[in-house]
Protein chains: 2
Amino acid sequence: MAGPSRGSPARLVVVGGGFAGLWAVRALAHAPLAITLVDRANHHLFQPLLYQVATAGLSAPDIAAPLRHILRGQVNVDVRLAEVTGIDLAARHVVLGADGAGGTLAYDFLLVASGAAHAYFGHDDWARHAPGLKTLDDALTIRRRVLTAFERAEAAAAAGDAAERDAWLHFAVVGAGPTGVELAGTMAEIAHHTLKREFRHIDPSRARVRLLEAGPAVLATFPPALQAKARAQLERLGVEVVTGTPVAAIDGEGYRLGDERHRCRTVLWAAGVAASPLGRLLAESAARAGPAGGPADVAGASEAGEAGRDGIELDRAGRVKVRPDLSLPGHPEVFVAGDLAAVSQPDGRPVPGIAPAAKQMGRHVAHVLRARLAHGGGGTDATGAPFRYRDYGNLATIGRMAAVVDLRGFRLSGLVAWWFWLAAHVFFLIGFRNRLIVLVNWAWAYWTYQRHARIVHGGGPGERATPDR
Amino acid sequence: MAGPSRGSPARLVVVGGGFAGLWAVRALAHAPLAITLVDRANHHLFQPLLYQVATAGLSAPDIAAPLRHILRGQVNVDVRLAEVTGIDLAARHVVLGADGAGGTLAYDFLLVASGAAHAYFGHDDWARHAPGLKTLDDALTIRRRVLTAFERAEAAAAAGDAAERDAWLHFAVVGAGPTGVELAGTMAEIAHHTLKREFRHIDPSRARVRLLEAGPAVLATFPPALQAKARAQLERLGVEVVTGTPVAAIDGEGYRLGDERHRCRTVLWAAGVAASPLGRLLAESAARAGPAGGPADVAGASEAGEAGRDGIELDRAGRVKVRPDLSLPGHPEVFVAGDLAAVSQPDGRPVPGIAPAAKQMGRHVAHVLRARLAHGGGGTDATGAPFRYRDYGNLATIGRMAAVVDLRGFRLSGLVAWWFWLAAHVFFLIGFRNRLIVLVNWAWAYWTYQRHARIVHGGGPGERATPDR
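These numbers come from a predicted model, not from an experiment.

**Brief notes about the overall build of chain A**
Part 1 of the reasoning: On a plain count of helices and strands, chain A comes out with twelve helices and 25 strands.
Part 2 of the reasoning: Looking at chain A residue by residue over its 469 residues, the buried ones come to 61%.
Part 3 of the reasoning: Relative to all contacts within chain A whose residues are 6 or more apart in sequence, the contacts with residues 24 or more apart total 66%.
Part 4 of the reasoning: Accessible surface for chain A amounts to roughly 17,400 Å². Of this, 56% is attributable to carbon and sulfur atoms.

What follows is the structure in structure tokens.
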């Protein structure tokens, strides 16, 4: 159970098919491993463009591809659609939810890359009034709410109810990080341009789009000069930027800033992310199991024992504090990568929760595993090479032809930055999924047998309905 | 209230933005009417390709376009997103559901074109086990179930449960009309080709796809020679065609044919259509109201009185029996068109429930209305010109490069027919919605301000979740 049975390859279970998990699996294509990739969605999602689905610029399948299809040629991978509901570090298996037919998956090596979800800072009741943006379902929920709001405003105006009309034409985005900025900028674009001339009783361009940030500035991770530029560009697009004021309450009627109540039918949440609950499951299991010995044929058992003394810590966001090689303290056979991992850069700044960092972590875990296996999984190299984040810069799009780019000192903003951002994303999206004219694509499907929209959404593995959290 | 107030244009309310309703509205672009188009969806749906969304060949926005956007340039139209929950022929208004903010819409002329839904012949409990295909939500539900079934089969196989695996690999389509044939043929294609090589524990090509028809043949509306060809093509694609045997029961475990129970996790319903419930609302309102006099300035009041004696009849499918000009007996100010209208051809055969027929009816109603208005709405032309269905032929696609075409005697089948079918549909889809490379489309959106995926789906006007009926 614990170790790989004699002769057969070691078993690697990867939890999460995001950038970290998928890049790790791909980098292990030729490793002597029996890999099982578990995800509760059937697709890999190109997160950087998710806001485009939420704002109806792209359809869901445009930014997602079935994990099975991506990995169909990699013979050492088994893809499973299931939710991981438990991890047992002592028994070395993960528990699958009944939704995906249940059962357990034994591992010799485990990579947990289940990412992050949005957090409401203890105000879980806000969730149903202010949906966040992490999954395709979230994006379709936001799209539905935003588009429906204009329809309701039109109905209210036709009925002569100006107050109700204005409540439906008021859109608030909470949190001015990259996602909040993208959502606010694009919603302003929809209101002022996309819907122009399509209504008879309202003027969509009179819609009020507010970006609410508790901190002092938008895009906190950018240098002040670019923060100022981003703010100016948002305001040019027609977004009201409110900084330094935390949202005090959110309900079905609107939100409260300090003591001011604001009637607002559409509040979107882009303020907080919390690591996936699997981080806590790991910590709890470690506490139960104590330092893992692990069978002789698995690397670093003894070393692990020592490291194990300090147990597993989570940071405030629930991310797992890993060792420099991204393995779990006390459990060198377990790795954490992507948004779930708390890793610091040499200068002490945390590695950001963005796609390039996740890909790098995934590849790094693959590198460490290959090294271990090269030593016959031997204990000599229990601590793998430390992970070093290569920072290629920081991009954020703001809206129509507006963006900010910070390439380690080299800074762009406005149209040039937007072109840079577009080029980068088109490049990566195309690299990730080659797309042609949809109609050709579909006719083409008859010839190639490929179908470009094989995405489970609006639901999930089970018959779960579209969440309206 | 009843008549158009002096000077202001007559009010036309159109219920339903399908082919009948939308084509009527477009044909009245220059008529002196204040038109309100009411639909519970925000989009017009290109129904003929809906099965492609259900089978993941197309994404939802590929075959839908916002009604508002289609009609943005037509100044005499007001589009309302709402469900019609009542019709009062005496008061001459329609009642809107609270979902769309409620209220009533007064009319001088009314066109009811709310189409059809699927019917379970009194077995409404079958609905949740065997979803039908009428809306985008239906299509996404079917897609989710079909794709998930293969995942569950994989999990069952990995767990060594052969019986469960086979239940998940068994797909049954009930009803061998065009929709059933399309679904079965395409699912066979997915099983035998699309998913090939993507699973490790199952062989998708061993999936069992059965088409269950109570009647003697597939495609009942086609000539016997083409029915035989269609059946042969289905069998070549790997579909088991079972005719002459009605389904006796459907539940979560499977279905019963005669006395045989069949374990089957995925049953799709393509057997019955019933007209929209608005047909019954019309009949009930007419019964309450009795023959409508109608104000002097509305056509044919007297004449209507006579016609009114025989009241309003529905046929077995709940369709409204209309007068030759598609108006309602006793209510010349009310028209019914599309799948909701029961109309016979000169030879007694019913006008089929297909897109070309609906478009023709919609245009005909527009023609009759223009004639009435030309006579100052005068009573001289109370009965408009009779509707004549121009039958351009009958097409059905079966699957990969297989179809049957019946152009009034000129018959095609197989690859040639499929090319004909593809050309016809590509032509109409392009006519309906011009599409480019999605990525270009999206980048393009920044320049044109148009966003190609502005479709509310996975939900509806309210926060209704994806139906899993």
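**Structural notes on the packing of helix 1 (residues 19–27) of chain A against helix 10 (residues 355–374) of chain A**
Residues and elements named next belong to chain A.
Part 1 of the reasoning: Running from amino to carboxyl end, helix 1 crosses helix 10 at an angle of 35 degrees, the nearest separation of the two axes being 7 Å. Pair helix 1 / helix 10 crosses with right-handed handedness. Between helix 1 and helix 10, the contacting residues are F19, A20, W23, A24 and A27 on the first element and A355, A358, K359, G362, R363, A366 and R370 on the second.

**Considerations on the environment of L71(B)**
Part 1 of the reasoning: On the secondary structure map, L71(B) appears in the loop between helix 3 (67–70) and strand 5 (77–81).
Part 2 of the reasoning: Under the relative-accessibility criterion, L71(B) is labelled buried at 2%.
Part 3 of the reasoning: Taking C-alpha positions, L71(B) is 8.8 Å from V25(B), a pair spaced 46 residues apart along the chain.
Part 4 of the reasoning: Setting aside residues no more than four positions away along its own chain, L71(B) makes contact with R200(A), L22(B), V25(B), R26(B), L37(B), V77(B) and V79(B).

**Side note on the pattern of salt bridges**
Residue and element names in this part refer to chain A.
Part 1 of the reasoning: Evaluated as defined, the whole model comprises 34 salt bridges over all chains.
Part 2 of the reasoning: Between E333 and R92 there is a salt bridge, and its shortest N-O distance comes to 3.3 Å. With E333 in strand 21 (residues 331–336) and R92 in the loop between strand 6 (84–88) and strand 7 (93–96), this pair connects stretches of sequence that are 241 residues apart. Assigned by exposure class, E333 and R92 land together as buried.
Part 3 of the reasoning: Across the pair R231 and E235 runs a salt bridge whose closest N-O atoms are separated by 3.2 Å. Of this pair, R231 and E235 are both found in helix 7 (residues 224–236), four residues apart, which corresponds to roughly one turn of the helix.
Part 4 of the reasoning: A relative accessible area of 27% places R231 in the partly exposed class.
Part 5 of the reasoning: Taking the relative accessible area as the measure of exposure, E235 reaches 40% and is therefore partly exposed.
Part 6 of the reasoning: Salt bridges sharing partners connect three or more residues here, namely E164, E253, R263 and R265.

**Things to note about the side chain of R210(B)**
Residue and element names in this part refer to chain B.
Part 1 of the reasoning: Tracing the backbone through its elements, the reader meets R210 in strand 12 (residues 208–212).
Part 2 of the reasoning: On the basis of relative accessible area, R210 is assigned to the buried category, the value being 7%.
Part 3 of the reasoning: For R210, the side chain forms a polar contact with the side chain of Y255, separated by 2.8 Å.
Part 4 of the reasoning: Looking at R210, its side chain comes within polar contact range of the side chain of H262, at 3.4 Å.
Part 5 of the reasoning: In this structure, R210 is in contact with H170, F171, A172, V173, E240, V242, Y255, L257 and H262, ignoring residues within four places of it in sequence.

**Regarding the domain arrangement of chain A**
All names here are of chain A.
Part 1 of the reasoning: Domain annotation of chain A identifies domain 1 (10–40 + 82–119 + 274–376) and domain 2 (124–270).
Part 2 of the reasoning: Measuring from the centre of the C-alpha atoms in domain 1 to the corresponding centre in domain 2 gives 37 Å.
Part 3 of the reasoning: With five residues of domain 1 at the contact, the number on the domain 2 side is five residues.
Part 4 of the reasoning: When the buried surface of domain 1 facing domain 2 is broken down by residue, A116, H118 and A119 rank first, second and third, together holding 84% of it.
Part 5 of the reasoning: Taken together, the connections running from domain 1 to domain 2 amount to two residue pairs in polar contact (both at pLDDT 80 or more).

**Description of helix 4 (residues 136–158) of chain B**
Residue and element names in this part refer to chain B.
Part 1 of the reasoning: For helix 4, which comprises 23 residues, the first-to-last C-alpha distance of 33 Å matches the rise-based estimate of 33 Å (1.5 Å per residue) to within 8%.
Part 2 of the reasoning: Within helix 4, 22 of the 23 residues are buried, which leaves it mostly tucked inside the rest of the structure.
Part 3 of the reasoning: The first or second residue beyond helix 4 is G160, which carries a positive phi of 80 degrees.

**Some remarks on the sheet that holds strand 17 (residues 266–269) of chain A**
Residues and elements named next belong to chain A.
Part 1 of the reasoning: Read across the open sheet, the four strands follow the order 13-12-11-17; overall the sheet is parallel. Among the strands making up the open sheet, the edge pair consists of strand 13 (239–243) and strand 17. Within this sheet the neighbouring strands show an average axis-to-axis angle of 20 degrees, counted without direction.
Part 2 of the reasoning: Sheet topology places strand 11 (residues 170–174) next to strand 12 (residues 208–213); five bridges connect them, and they run parallel. Counterpart to V174 in the pairing with strand 12 is L212.

**A short note on the confidence of the model for chain A**
Residue and element names in this part refer to chain A.
Part 1 of the reasoning: Per-residue pLDDT for chain A has a mean of 83; in total, 83% of the residues score no lower than 70.
Part 2 of the reasoning: Confidence over residues 292–310 falls short of pLDDT 50; this stretch has 44 contacts with residues more than four positions distant or in other chains.
Part 3 of the reasoning: Long-range and interchain partners of residues 430–469, a stretch whose pLDDT sits below 50, account for 161 contacts in this model, where long-range means more than four residues apart.
Part 4 of the reasoning: For this predicted complex, the interface confidence comes out at an ipTM of 0.84, alongside a pTM of 0.86.

**Some thoughts on the environment of P329(B)**
Part 1 of the reasoning: Relative to the helices and strands, P329(B) resides in the loop between strand 20 (327–328) and strand 21 (331–336).
Part 2 of the reasoning: Taking the C-alpha atoms as reference points, P329(B) and A286(B), 43 residues apart in sequence, are found 9.3 Å from one another.

**Remarks on the environment of D259(B)**
All names here are of chain B.
Part 1 of the reasoning: Looking at where D259 falls in the secondary structure, it is placed in the loop between strand 15 (254–257) and strand 16 (260–263).
Part 2 of the reasoning: Taking the relative accessible area as the measure of exposure, D259 reaches 76% and is therefore exposed.
Part 3 of the reasoning: A sequence separation of 73 residues divides D259 from T186, and the C-alpha atoms of the two residues are 28 Å apart.

**Here's the deal with the sheet that holds strand 13 (residues 239–242) of chain B**
By definition, the strands of a sheet pair up through backbone hydrogen bonds, in either a parallel or an antiparallel sense.
Residues and elements named next belong to chain B.
Part 1 of the reasoning: Across the sheet, which stays open at both edges, the four strands sit in the order 13-12-11-17 with parallel pairing between neighbours. Each having just a single partner strand, strand 13 and strand 17 (266–269) make up the two edges of the open sheet. Across this sheet, the average inter-strand angle for adjacent strands is 20 degrees, counted without regard to direction.
Part 2 of the reasoning: With four bridges joining them, strand 11 (residues 170–174) and strand 17 adopt parallel strand pairing. Counterpart to V174 in the pairing with strand 17 is W269.
Part 3 of the reasoning: Those strands touched by helix 4 are strand 11 and strand 17, and its axis lies near 160 degrees from that of strand 17.

**Section: the packing of aromatic side chains**
All names here are of chain A.
Part 1 of the reasoning: Following the criterion strictly, the structure yields 14 aromatic pairs over all chains and no others.
Part 2 of the reasoning: Summarising the aromatic geometry, the rings of Y120 and W269 are spaced 4.8 Å apart at their centres and angled 25 degrees between planes, so their arrangement reads as stacked. Here the residue Y120 occupies a position in the loop between strand 10 (116–118) and helix 4 (136–158), and W269 occupies one in strand 17, the gap between them amounting to 149 residues.
Part 3 of the reasoning: For W269, a relative accessible area of 4% gives the class buried.
Part 4 of the reasoning: Put simply, the rings of Y120, F121, W126 and W269 touch in pairs and so form one group of aromatic residues.
Part 5 of the reasoning: Its guanidinium or amino end placed over the ring of W23, R26 lies 4.7 Å from that ring's centre, counting from NZ or CZ.

**Some remarks on helix 1 of chain A**
Part 1 of the reasoning: Among the nine residues of helix 1 of chain A, seven are classified as buried, and the element is accordingly described as predominantly covered.
Part 2 of the reasoning: Residues of helix 1 of chain A that are buried: F19(A), A20(A), G21(A), L22(A), W23(A), A24(A) and V25(A).

**A closer look at the pairing of strand 23 (residues 394–399) of chain A**
Part 1 of the reasoning: For strand 23 of chain A, the buried fraction is high: five of the six residues fall into the buried class.
Part 2 of the reasoning: Counted between consecutive antiparallel strands, the loop separating strand 23 of chain A from strand 24 (residues 402–407) of chain A contains two residues, among which M401(A) sits at a positive phi close to 60 degrees.

**Some remarks on unusual backbone geometry**
Peptide bonds are mostly trans, and most non-glycine residues show a negative phi.
Part 1 of the reasoning: In this model, R92(B) sits at a positive phi of 55 degrees, which is unusual for a non-glycine residue.
Part 2 of the reasoning: Given the relative accessible area of 3%, R92(B) is considered buried.

**Focus: the pairing of strand 7 (residues 93–96) of chain B**
Residues and elements named next belong to chain B.
Part 1 of the reasoning: Relative to strand 7, strand 6 (residues 84–88) runs antiparallel, the two sharing four bridges. In the strand pairing of strand 7, D88 is matched with H93.
Part 2 of the reasoning: Here strand 6 folds back onto strand 7, and the loop between the two strands holds four residues, one of which, R92, carries a positive phi near 55 degrees.

**Structural notes on the side chain of R80(A)**
Part 1 of the reasoning: With respect to the helices and strands, the residue R80(A) is situated in strand 5 (residues 77–81).
Part 2 of the reasoning: In this structure, R80(A) is in contact with T36(A), L37(A), V38(A), D39(A), L96(A), L105(A), A155(B) and A158(B), ignoring residues within four places of it in sequence.

Analysis parameters
Residue positions are counted from 1 within each chain, in the order its sequence is given. Chains carry letters and ligands carry numbers; both start at the beginning, A for chains and 1 for ligands, and go up in the order they are written. Residue-level local features of this predicted model are given only where pLDDT is at least 70; pairs of side-chain atoms are given and counted only at 80 or more, and the full residue set underlies all totals for whole chains, interfaces and linings. Hydrogens are left out, water is left out, and the side-chain values use all remaining heavy atoms of the structure. For helices the rule is a DSSP run of H or I covering at least 4 residues; for strands it is a run of E covering at least 2, with both sets numbered from the N terminus onward. Note on classification: 1.4 Å probe, protein chains only; a residue is buried when its accessible area is under 20% of the maximum for its type, exposed when over 50%, partly exposed between these limits. We call two residues in contact when some of their heavy atoms are within 4.5 Å. Throughout, the Shrake-Rupley method with a 1.4 Å probe supplies accessible areas, and for residues the shown protein chains are the sole cover considered. A fitted line through C-alpha atoms represents every axis, and for helices the fit uses only the stretch in contact; the resulting angles, taken between N-to-C directions, go from 0 to 180 degrees. In this scheme the crossing of two helices becomes right-handed for a clockwise turn of the near helix relative to the far one and left-handed for an anticlockwise turn of less than a right angle. Should a side-chain nitrogen of Lys or Arg be within 4 Å of a carboxyl oxygen of Asp or Glu, the pair is scored as a salt bridge. Definition of a polar contact: a pair of N or O atoms within 3.5 Å, with one able to donate and the other able to accept a hydrogen when the atoms are protein atoms, and with sequence-neighbouring residues admitted only if both atoms are side-chain atoms. Here the bounds of each domain stem from an automatic or database domain assignment. Defined in terms of a 1.4 Å probe, buried area is the accessible area two parts forfeit on being brought together, summed over both. For a helix, the expected span equals 1.5 Å multiplied by the residue count minus one. For two strands to be treated as a pair, DSSP must find no fewer than two bridges joining them. Note on scores: pLDDT gives the predictor's confidence for each residue, bounded by 0 and 100. We call Phe, Tyr and Trp rings a pair once their centres come within 6.5 Å, taking the six-membered ring for Trp, and we label the pair stacked below 30 degrees between planes, edge-to-face above 60, and tilted otherwise. By the criterion adopted, a ring carries a charge over it if an Arg CZ or a Lys NZ lies within 6 Å of its centre and within 35 degrees of its normal.

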